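Structure assessment
One-letter residues, chain by chain:
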Amino acid sequence: MRRLTPDPGPTTVERQLDEYKPWERPHEDRPFVAVNFAATVDGRAAIGGVSGPIGSAADTAMLAGLRTRFDAVMIGAGTMRAERYGRIVGDQEQRERRERLGLPHDPLMAIVSGRLDLPWDAPLFSEGGQVLIFTASEAEPPDTATSLRVVRHEGKVDIAAALRHLRAERGIRALLCEGGPRLHAELQAGGWVDDLFLTIAPKLAGGGAPRILEGELPAAAELELAWLLEEEGELFARYRRR
Ligand SMILES: NC(=O)c1ccc[n+]([C@@H]2O[C@H](COP(=O)([O-])OP(=O)(O)OC[C@H]3O[C@@H](n4cnc5c(N)ncnc54)[C@H](OP(=O)(O)O)[C@@H]3O)[C@@H](O)[C@H]2O)c1
């Protein structure tokens, strides 16, 4: 892997993330928020309904590396239904590495769901760790082997209140949002995304798959490029909100 900017030269995912310490930069009323997406050159965020076929092994390494550097990970229900997550940091060695950095053993997994229509047989709900669901539904979740808490909101999930809850009630300093496109739109519309990690895979998908952001923004968000990496034609960008 090479770094194209700043300071062009050879690098690795590990070296790039080594100095990346989002937990040191919480806001007073919400966590530091980063979003991670992979897209094709034609801007699609899914191939065949899922994100897995977009990125390479280097993209998987970037995602796994990011997961070791945040207190919590957040996804929308659409992403949970499509991707059927398992335990967010599945590897014991990586969980121990988190602890050495002063992060909780497992990242808290936060899911935003209107209807609480989730794939309860997905491995996330049986493999351990901690799940927190923000929902507008009054339905009761089933019993799960993984520890599960539910925070209920009226009508729809108030994302600003959810971020405040994560900071004030759960001590979350840094939150990694892994999508999907509609949750991303809400986070950007609120001005709450500090960093955007975007992998651009040298592929075209076509079809009607969503882009990385699906929804209205009050105004175009201005970004600046914090770094750009390349490996075998795949680009790894990190943008900051200007
Ligand atoms: N390429 C990538 O990096 C990447 C990353 C993530 C996802 N994806 C792809 O994106 C697709 C899924 O897209 P999506 O837009 O449906 O995903 P999403 O944003 O994860 O999910 C949308 C759902 O989240 C819930 N939600 C979001 N905001 C809410 C609020 N304020 N209040 C209540 N509920 C809220 C709703 O759930 P309910 O339906 O339960 O009401 C809504 O239907 C999949 O194909 C997935 O593979 C790609």
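These lines cover the structure that appears in this document, whether it is placed above or below. (Residues numbered from 1 in each chain as written. Predicted model: local features only at pLDDT ≥ 70, side-chain atom pairs only at ≥ 80, totals over all residues. Heavy atoms only, no water.)

**Some details on the overall build of the protein chain**
For the protein chain, the count of helices and strands is 6 helices and 11 strands. The C-alpha radius of gyration of the protein chain comes to 17 Å, within 12% of the 18 Å expected for a compact globule of 242 residues. Each principal axis of the C-alpha atoms in the protein chain carries an extent, and together these give about 50 × 45 × 35 Å. When the 242 residues of the protein chain are sorted by exposure, 45% land in the buried category. Long-range contacts, defined as pairs at least 24 residues apart, comprise 66% of the intrachain contacts of the protein chain with a sequence gap of at least 6. On the protein chain, roughly 11,400 Å² of surface is accessible, and the fraction owed to carbon and sulfur atoms is 46%. Here the protein chain contributes 31 positive and 37 negative side-chain charges, whose respective centroids are spaced 2 Å apart. (Helix = DSSP H or I, 4+ residues; strand = E, 2+ residues; numbered from the N terminus. Rg over C-alpha atoms; globule rule 2.2 N^0.38 Å. Buried < 20%, exposed > 50% of the residue type's maximum accessible area, 1.4 Å probe, protein only. Contact = heavy atoms within 4.5 Å. Areas by Shrake-Rupley, 256 points an atom, 1.4 Å probe, with all protein chains shown as cover. Lys, Arg positive; Asp, Glu negative; His and termini not counted. Charge placed at Lys NZ, Arg CZ, Asp CG, Glu CD.)

**Overview of the environment of Glu 14**
With respect to the helices and strands, the residue Glu 14 is situated in helix α1 (residues 13–18). You can call Glu 14 exposed: its relative accessible area is 52%.

**Considerations on the site of the ligand**
Around the ligand lies a shell of 29 residues, among which Ala 45, Thr 79, Glu 83, Arg 182 and Glu 186 are the nearest. Here Thr 79 contributes a side-chain N or O atom positioned 2.7 Å from an oxygen atom of the ligand. Between Leu 183 and the ligand, the recorded distance is 2.9 Å, taken from a backbone N or O atom to an oxygen atom. Starting from 920 Å² of accessible surface for the ligand in isolation, the protein chains cover 89%. (Near = heavy atom within 4 Å. Polar contact = N/O pair within 3.5 Å; in protein donor to acceptor, adjacent residues only side chain to side chain.)

**Looking at the side chain of Arg 98**
Tracing the backbone through its elements, the reader meets Arg 98 in helix α4 (residues 92–100). It is Asp 71 that comes nearest to the buried, bridge-free Arg 98 among opposite-charge side chains, at 5.2 Å. From its side chain, Arg 98 meets the backbone oxygen of Phe 70 in a polar contact 2.8 Å long. Apart from residues no more than four positions distant in its own chain, Arg 98 is found in contact with Arg 67, Thr 68, Arg 69, Phe 70, Asp 71, Val 89, Leu 103, Pro 104, His 105, Asp 106 and Pro 107. (Salt bridge = Lys/Arg side-chain N within 4 Å of Asp/Glu carboxyl O.)

**Digging into the packing of aromatic side chains**
Scanning the model with the defined rule gives 5 aromatic pairs in all. An angle of 70 degrees between the planes, with centres 6.3 Å apart, marks the rings of Tyr 20 and Trp 227 as edge-to-face. Of this pair, Tyr 20 sits in the loop between α1 and β3 (32–40) while Trp 227 sits in strand β10 (residues 223–231), and the two are 207 residues apart along the sequence. When sorted by exposure, Tyr 20 lands in the same class as Trp 227, which is buried. When the ring of Phe 197 is compared with that of Trp 227, the centres are 5.9 Å apart and the planes differ by 65 degrees; the resulting orientation is edge-to-face. Of the two residues, Phe 197 is situated in strand β9 (residues 195–201) and Trp 227 in strand β10; the sequence distance between them amounts to 30 residues. Trp 227 shares its class with Phe 197; the two are buried. Grouped by ring-pair contacts, the aromatic residues Tyr 20, Phe 70, Phe 197 and Trp 227 constitute a single cluster. One cation-aromatic arrangement involves Arg 238 over Trp 227; the distance from NZ or CZ to the ring centre is 4.9 Å. (Phe/Tyr/Trp six-rings, centres within 6.5 Å; stacked < 30°, edge-to-face > 60°. Lys NZ or Arg CZ within 6 Å of the ring centre and 35° of its normal.)

**With respect to unusual backbone geometry**
Excluding glycine, a negative phi dihedral is what most residues carry, and trans is how most peptide bonds are arranged. Cis geometry marks the peptide bond from Thr 5 to Pro 6; its omega dihedral reads -10 degrees. Of note in this structure, Asp 7 is not a glycine but carries a positive phi near 50 degrees. Within the fold, Asp 7 resides in the loop between β1 (2–5) and β2 (9–10). Assessed through its relative accessible area of 57%, Asp 7 is described here as exposed. Positive phi values are uncommon outside glycine, yet Arg 84 reaches one of about 45 degrees. The residue Arg 84 is located in the loop between α3 (77–83) and α4 in this model. You can call Arg 84 partly exposed: its relative accessible area is 37%.

**Structural notes on the environment of Leu 196**
With respect to the secondary-structure elements, Leu 196 resides in strand β9. Leu 196 sits 18 residues away from Glu 214 along the chain, and the two C-alpha atoms are 15 Å apart. In this structure, Leu 196 is in contact with Val 35, His 184, Ile 212, Leu 223, Ala 237, Arg 238 and Tyr 239, ignoring residues within four places of it in sequence.

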